[in-house]
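# Overview (structure and organization)
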Amino acid sequence: MRNTKQIQIIVIVAVVLVMGFLFLRPVKGLVTKVDETAEASGTEASAPQFTLATVSEAGKRGLNPAIAQEITDLEKKVEEAEGEEKLNLYQQLADKWNDVEKNVPQAYVYEEMSKLAPKNLTYFLKAGDHFRKGYTNLQDSTLAVALNKKAIDVFQKAVDLDGANLAAKTGLGAAMVTGTNNPMAGIAILREVVQADPKNLEANKTLGLFSLQSRQFDRAIDRFKTVIEQKPDAESYFYLATGYENIGMKNEAIAAFQKAKELAADPSLSQFIDRKVEELSK
């Protein structure tokens, strides 16, 4: 996990270096999780051709052969099972994918579980969460679009089941921001969430990223302050620093950049922040 986090931070640095360009892109261009790229199918297939079977095949590539075989054996058992046994086996399969940190196959497994138990809100939420994690800055754009649409679909079903569920509404709003031609509809949903729960972590983070994209830096700062109160991680401090920098609050930007450096403990980020602090100190 440490290596993955370091990779994320390094890419975040690159993101900020081209921030002017990113402001013209969808919000998802501001969030980087490159480790999910390995889960893409590697084909030129259209979105409807992605299935649990195809993403599973892709997900097994590079795995320890013994673990890959365990997954294959479970999949065969799932095919032969019915009812509650099938659900239990699907859960074991999801857990296996979780152990190897593969979000895309997990998402498809939970989607299948939601079909077997359409009144179980948890399956829809888990499917949506993993679809979102899977598509965030995925390099395979075809798969990313398919996963984003899947996320919208399962979160919408979750909202239909329980319209008051904030996790469902947050997921739907965030997926709509990145996956539709009307991001403001998603923003409206997220604003409903923070109205009901002002400190909602995911809603505030997504709204903060959108504020950075739309150059509403004061709002972005407020959002990331709220995020940091609950989850003070390097990424959020980095975005907070970016907001401060863009409105000329140099001392605050320096402090936030240095906090990001401290939490990340990554040499590449440290070097970048040192240069940034030197520039801001002039």
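Above this text you will find the structure in question.
What you are looking at is a predicted structure, and each value in this text was computed from that prediction instead of being measured.

## Some remarks on unusual backbone geometry
Its identity is not glycine, yet glutamate 101 carries a phi of approximately 60°, on the positive side. Tracing the backbone shows glutamate 101 in the loop between α5 (83–99) and α6 (103–116). What makes glutamate 101 partly exposed here is its relative accessible area of 36%. With a phi angle near 65°, arginine 215 is a residue other than glycine that sits in the positive phi range. Looking at the secondary structure, you find arginine 215 in the loop between α11 (201–213) and α12 (217–230). On the basis of relative accessibility, which here comes to 48%, the residue arginine 215 falls in the partly exposed class.

## Digging into the packing of aromatic side chains
Per the stated rule, a full pass over the model turns up four aromatic pairs. With centroids separated by 5.3 Å and ring planes inclined at 80°, the aromatic side chains of tyrosine 108 and phenylalanine 131 adopt a geometry described as edge-to-face. Of this pair, tyrosine 108 sits in helix α6 while phenylalanine 131 sits in helix α7 (residues 121–135), placing them 23 residues apart in sequence. With a centroid separation of 5.4 Å and an interplanar angle of 80°, the aromatic rings of phenylalanine 238 and phenylalanine 257 are classed as edge-to-face. Of this pair, phenylalanine 238 sits in helix α13 (residues 234–246) while phenylalanine 257 sits in helix α14 (residues 250–264), placing them 19 residues apart in sequence. Overall, the relative accessible area of 1% leaves phenylalanine 238 in the buried class. Phenylalanine 257 sits in the buried class, given a relative accessible area of 0%.

## Thoughts on the environment of tyrosine 237
Within the secondary structure, tyrosine 237 sits in helix α13. On a C-alpha basis, the gap between tyrosine 237 and isoleucine 221 in space is 9.8 Å, while along the polypeptide they are 16 residues apart. Discounting residues that sit within four places of it in the chain, tyrosine 237 has contacts with Ile228, Pro232, Ala256, Lys259, Ala260 and Leu263.

## A word on the side chain of asparagine 200
Along the chain, asparagine 200 turns up in the loop between α10 (183–196) and α11. Filtering out sequence-adjacent residues up to four positions away, asparagine 200 remains in contact with Leu166, Thr170 and Val193.

## Looking at the nonpolar core
If you look at the biggest cluster of nonpolar residues, it comprises 46 residues, and the most contacted ones within it are Tyr108, Val109, Phe131 and Leu147. For this core, the secondary structure elements donating two or more residues are α3 (52–60), α4 (65–80), α5, α6, α7, α8 (141–161) and α9 (166–179). Of all the elements, α8 adds the most residues to this core, at ten residues. Ranked by size, the runner-up nonpolar core spans 26 residues in total, among them Val227, Ala253, Ala256 and Phe272.

Criteria and thresholds
Residues numbered from 1 in each chain as written. Predicted model: local features only at pLDDT ≥ 70, side-chain atom pairs only at ≥ 80, totals over all residues. Heavy atoms only, no water. Helix = DSSP H or I, 4+ residues; strand = E, 2+ residues; numbered from the N terminus. Buried < 20%, exposed > 50% of the residue type's maximum accessible area, 1.4 Å probe, protein only. Phe/Tyr/Trp six-rings, centres within 6.5 Å; stacked < 30°, edge-to-face > 60°. Contact = heavy atoms within 4.5 Å. Core = buried A, V, L, I, M, F, W, Y, C linked by side-chain atoms within 4.5 Å.

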